Amino acid sequence: MITLLDYGAGNVRSVVNAIESLGETVRPVQSPEDILSAERLIFPGVGAFGSMMEILHARGYVSPLKAYLQSGRPFLGICLGMHALFEESEEAPGTLGLGIMKGRVKRFTIDLAVPHIGWNGIKARQASPLFNGLQGDEKFYFVHSYHIAPEDPGVILTATDYGYEFASAVQQGQIMGTQFHPEKSGDDGRRILANFLAADTPAVTPRHIPETTRLAKRIIACLDVRTNDQGDLVVTKGDQYDVREAGQVRNLGLPVELAERYYREGADEITFLNITGFRDFPLEDMPMLEVLKQTSRNVFVPLTIGGGIRNYTDQNGRTYSALEVAAEYFRSGADKVSIGSDAVLIAEDYLRTGHLTGESAIESISRVYGSQAVVISVDPRRVYVAAPQEAPRQTIETAYPGPNGERYCWYQCTIKGGREGRELDAVSLVKACETLGAGEILLNCIDRDGTNAGFDLELITTVKAAVSIPVIASSGAGCEAHFHEVFTRTEAESALAAGIFHRREVPISDVKAYLQGRVEIRP
Ligand code: 1PR
């Protein structure tokens, strides 16, 4: 029996699912006594350091946790659950941690994109039971803006490089912690959990200890989901956002089955977009929540869900906040939420008033769940102009002229799945969203969507230069070489595709095989 410390801030479902998939049962902590009586405790911290410590205090968990940690029983802290072991964090100055290990938690000070999101390696610094069955060159899923800086190098279990070397796991007696998420790191991550769960695992040193580790470029499979005319929830795919063919919604398969297939084929992440979410309210769309619940039972890589994340008033006059909608998605198994239409409206307001209200979906969700949990899905469309001064916004000179030979274009933001164009341009949108607290940009391109013509490198380069958060290139992938092109000719951290995977034109494993040796990937 594993005791799980869930303080209600985020997606612990994925940890529960991963443990249950290993044949263990999980007992959630419901009172301070549950901590004191635990035999093996996992603490998957989610959210932000300040709110985590506040909740631990409010529930009377701090003293029992310290007593448990001093008792010599096994403990595994994941991400923020490991940060909690330290004295304090730059994320919440003035808030004390548990102080079981000396040192503090610092924000990354690097030129690379922050948060550090994706699959990176580990360099073992001591023997550990957690390493059983690992070669040492595996990659694990990280998602964080802060990292621990232990005072005693003797507690460091692994180190990882991102801009500089940081401690990515700790071990002191039976107390262990990982910055990466074993529950989201495929079979290798589940092996680490299995090692923690087994009582008598011997400590080993992995055979391979890399000199440096590298963050992999991520390949993401995207499933656009909606109800078809027969009332079934299906994966569909548009051609420049038009998902109907001969009047019918294209049906390319069942969401849960496809997601599981892509996981098995090596997808580094799966994204579900509830493409009619802008007009339907997701909390009334229970099948979508069910899709997430079922998928997260068997898919152990990060899951993002988008569609309909906004404030909403139902027919009975009850008002739901975007934060409540997101919370329901997180509880159902999502690791990140993606905001499309509402992000444009929020950014317009912010740019008009110049004020951060603290109330918008982007601000409220990132405050509670961390910026890494908030993705902005951008649906831009090219607007061509003959000269830069003809455009209301920042233009680029394009190598692909418009229908009348126009050599310039700007990228117009749209909402409601491309149905409504706004005055806002994509560069202004992403900058505003970064300021508001977004952690990642999912950069679609209506002109390229479903065309198999390759990613819009001009758009990606322009947006990437405007923000310091990671960018997912999306729309237009038609062959393996397009992924190589986007990773070598732009700085995008990941690339997303839909049509070629759904139509089985190019399996994810072929994309990975093509990139192997040319671009850093998770094999
Ligand atoms: O506006 O917050 O409710 O979110 C709705 C979400 O649904 C947005 O993220 C929006 O991008 C998405 N969406 C709305 N309508 C459509 C549509 O297709 N009619 N899908 C739609 C957007 C674009 C990509 C696609 C890539 C790759 N899909 O996600 O997967 O373009 O496709 P490809 O590889 O086949 O070229 P809100």
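1. Brief notes about empty space enclosed by the protein
Empty space left among the atoms is revealed by rolling a probe the size of a water molecule over them.
Right, on to step 1. Evaluated as defined, the whole model comprises two cavities of 30 Å³ or more.
Right, on to step 2. Roughly 50 Å³ of internal volume is contained in the largest cavity.
Right, on to step 3. Forming the walls of the largest cavity are Gln-394, Ile-396, Cys-409, Trp-410, Tyr-411, Asp-425, Ala-426, Val-427 and Thr-462.
Right, on to step 4. Looking at the lining of the largest cavity, the elements with two or more residues in it are β26 (408–415) and α12 (426–436).
Right, on to step 5. Per-element tally for the lining of the largest cavity: the top contributor is β26, with three residues.
Right, on to step 6. Split by residue class, the lining of the largest cavity holds six nonpolar, two polar and one charged.
Right, on to step 7. Looking at the second largest cavity, its volume works out to about 40 Å³.
Right, on to step 8. Gly-340, Ser-341, Val-344, Ser-377, Val-378, Asp-379, Cys-413, Thr-414, Ile-415, Lys-416 and Leu-429 together form the lining of the second largest cavity.
Right, on to step 9. Every element with two or more residues in the lining of the second largest cavity is listed here: α10 (341–353), β23 (374–378) and β26.
Right, on to step 10. Residues of the lining of the second largest cavity, tallied by class, amount to five nonpolar, four polar and two charged.

2. Here we look at the packing of aromatic side chains
Right, on to step 1. Tallied over the full model, the rule gives twelve aromatic pairs.
Right, on to step 2. Their ring planes at 75 degrees and their centres at 6.3 Å tell us that Tyr-263 and Phe-300 sit as a pair that is edge-to-face. Separated by 37 residues along the polypeptide, Tyr-263 in helix α7 (residues 255–265) and Phe-300 in the loop between α8 (286–298) and β19 (303–306) bring together distant segments of the chain. The pair formed by Tyr-263 and Phe-300 is uniform in burial state, with each residue classed as buried.
Right, on to step 3. Residues Phe-483 and Phe-501 carry aromatic rings whose centres are separated by 6.3 Å and whose planes lie at 15 degrees to one another, so their mutual orientation is stacked. With Phe-483 in helix α14 (residues 480–489) and Phe-501 in helix α15 (residues 499–502), this residue pair connects regions lying 18 residues apart in the sequence. The exposure classification of Phe-483 matches that of Phe-501, with both residues buried.

Conventions adopted
Residues numbered from 1 in each chain as written. Predicted model: local features only at pLDDT ≥ 70, side-chain atom pairs only at ≥ 80, totals over all residues. Heavy atoms only, no water. 1 Å grid on protein atoms, 1.4 Å probe; cavity = no way out; pocket = protein on both sides within 12 Å on 5 of 7 lines; lining within 4 Å. Points joined across faces, edges and corners; volume = space filled by probe spheres on them. Helix = DSSP H or I, 4+ residues; strand = E, 2+ residues; numbered from the N terminus. Nonpolar A, V, L, I, M, F, W, Y, C, P; charged D, E, K, R; others polar. Phe/Tyr/Trp six-rings, centres within 6.5 Å; stacked < 30°, edge-to-face > 60°. Buried < 20%, exposed > 50% of the residue type's maximum accessible area, 1.4 Å probe, protein only.

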